[in-house]
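Reading the structure
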Protein chains: 2
Amino acid sequence: MDSVQPNILSAADALALRYGAEGAPPAGPWNDHIALLLSHRSVRAYRPDALPDGTLETLVAAAQSAATSSNLQTWSVIAVTDPDRKAALARLANNQKHIEQCPLFLVWVADISRNRRLAEQEGVTLEVLPYQETFLVAAIDATLAAQNATVAAESLGLSTVYIGALRNQPTEVAAVVGLVPGTFAVFGMCVGYASSAADAEVKPRLPQAVVLHRETYGVPLQEQAHRAAYDSLMGAFSTRNGMAADTWTRRVINRMGRIAALSGRDRMVAALHALGFELK
Amino acid sequence: MDSVQPNILSAADALALRYGAEGAPPAGPWNDHIALLLSHRSVRAYRPDALPDGTLETLVAAAQSAATSSNLQTWSVIAVTDPDRKAALARLANNQKHIEQCPLFLVWVADISRNRRLAEQEGVTLEVLPYQETFLVAAIDATLAAQNATVAAESLGLSTVYIGALRNQPTEVAAVVGLVPGTFAVFGMCVGYASSAADAEVKPRLPQAVVLHRETYGVPLQEQAHRAAYDSLMGAFSTRNGMAADTWTRRVINRMGRIAALSGRDRMVAALHALGFELK
């Protein structure tokens, strides 16, 4: 697969990579932008090469161009390049070595502290701040921004991977990047050039029949059969890519079966309270 | 501004539209993909024209190509085209008429019901399901997917707007689109061709100095001055676009000052509990 340039694939080829030859929907409208989106893969091995000047600012401009709830812009991003700080974050995130490898590590932050400062400076109270809704809006805002940054990075030949494990020890992460009350690191993101050792293949997803509903939710009649087919697809994908050849079903059970698999994220409500999110 | 095609703007012009001439960062790496991202604007007036065949499936393929936490894919999307159902959803979302106007209304769903069914069918318990972390993962997954769909739609000459007001009355929305326990409509999204009456101008954002931090969070020394400059920029934007010429500061206070402005979202925790998210 190494020689494939996924962003020049035809619609049919790109859809077959994403869903398997059997599960792909018919090809619809198509262009280079959509080809880029379909070619996404998360990369967990990076070359040390620095990014061209202005790359960070371009990614942030793309991120800020995403929609944001009521234009509140309740997010921030921290660009970490210091090796010691990346190493500290890697240790807090299950020792994921790519956090140290990548030249740029972005910490995406749900941020209502800016609103708190505004309220203090203006002498007003913002009654909405302590609510679950406000935390959710901030997390969504950060996520919309991050995904635009990902698309921009990939368009420049860079790769990324989201690091949810940054939520394993939120207060310790907050200390490493100097977070203030009213901020929470929703996830991290490695940015850099994929090393040749990086997984080269697009990961298949569940068939559209399972995820896409028409008019109302409706549990798909063939959901179990679709899952069985996807289990086969993911098993073969894992074998081809030198991973433990588990089915998707087995991976879901491993990841969600026992609280220990949350690696501390079962204590997130307490951590959020400590960081200034009341979640009322 | 109507004749501008923002996706062919130069970096400098696109950045000036997004940040104002004074606040724009120096132009960095640039290409058509990044130009497309920077040209985003939310559209709240649609022509009734139907979408080309296969458009929905293409948007969903783009959405499914976004990263998803541990490949769990804890989201679904409901494509609503029925006029009566769109009207019902519009009524539940502050009577936003564009929900009725747009040919396709997407309901983006945080979905752990699929995992629940898997657990039942496999005879296992998924201990992780009742946690806040799991709700957050599902909401993030849905948001990553939705943003890719937005980028794909805009690349096809379509417009979108996120509808957070779908969270005003979550249990009523759930009834309209037939949600099952373990699903929650995170937000809606109008998709269609912008009418000529739609706002044509890219909305400015806060300067990068306020949002982008280096190595650690650090409250920007000039944050208040940056906010004042942004207030001027947004005031002028509002005047040019026939909106009440409020500053950003005033809009934040209006939107976050009083609980009434949440339009019911202060009761979201109770709604999430009712819909099967324990948020432990």
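Residues numbered from 1 in each chain as written. Chains lettered and ligands numbered in written order. Predicted model: local features only at pLDDT ≥ 70, side-chain atom pairs only at ≥ 80, totals over all residues. Heavy atoms only, no water.

1. Thoughts on the pattern of salt bridges
- A complete count under the given rule lists 20 salt bridges over all chains for this structure.
- Here Arg227 of chain B and Glu122 of chain A are joined by a salt bridge, their closest N and O atoms 3.0 Å apart. Residue Arg227 of chain B is located in helix α10 (residues 223-240), and its partner Glu122 of chain A is located in helix α6 (residues 113-122); the two belong to separate chains.
- We classify Arg227 of chain B as buried; its relative accessible area is 8%. (Salt bridge = Lys/Arg side-chain N within 4 Å of Asp/Glu carboxyl O. Helix = DSSP H or I, 4+ residues; strand = E, 2+ residues; numbered from the N terminus. Buried < 20%, exposed > 50% of the residue type's maximum accessible area, 1.4 Å probe, protein only.)

2. Considerations on the environment of Val77 of chain B
- Locating Val77 of chain B in the fold gives a position in strand β1 (residues 75-80).
- Along the backbone, Val77 of chain B and Ala174 of chain B are 97 residues apart, and their C-alpha atoms lie at a distance of 13 Å.

3. Points about the sheet that holds strand β2 (residues 104-111) of chain B
- Read from one edge of the open sheet, five strands run β5(A)-β1(B)-β2(B)-β4(B)-β3(B), paired in mixed fashion. Since the sheet does not close on itself, it has two edges, and those belong to β5 (212-214) of chain A together with β3 (159-163) of chain B, each with one partner. The average undirected angle you get between the axes of adjacent strands in this sheet is 25 degrees.
- In this sheet, strand β4 (residues 183-192) of chain B lies alongside β2 of chain B in antiparallel orientation, the contact comprising eight bridges. Across the sheet, the residue bridging to Val107 of chain B is Gly188 of chain B, located in β4 of chain B. (Pairing = 2+ DSSP bridges. Axes fitted to C-alpha atoms, helices over the stretch in contact; angles between N-to-C directions.)

4. Observations regarding the packing of aromatic side chains
Residues and elements named next belong to chain A.
- Inspection of every chain in the model, using the stated rule, returns ten aromatic pairs over all chains.
- With 5.7 Å between their ring centres and 70 degrees between their planes, Phe135 and Phe184 make a pair best called edge-to-face. Taken together, the positions of Phe135 in helix α7 (residues 132-155) and Phe184 in strand β4 (residues 183-192) put the pair 49 residues apart, joining distant regions of the chain.
- Of the aromatic side chains, those joined through ring pairs into one cluster are Phe135, Phe184 and Phe277. (Phe/Tyr/Trp six-rings, centres within 6.5 Å; stacked < 30°, edge-to-face > 60°.)

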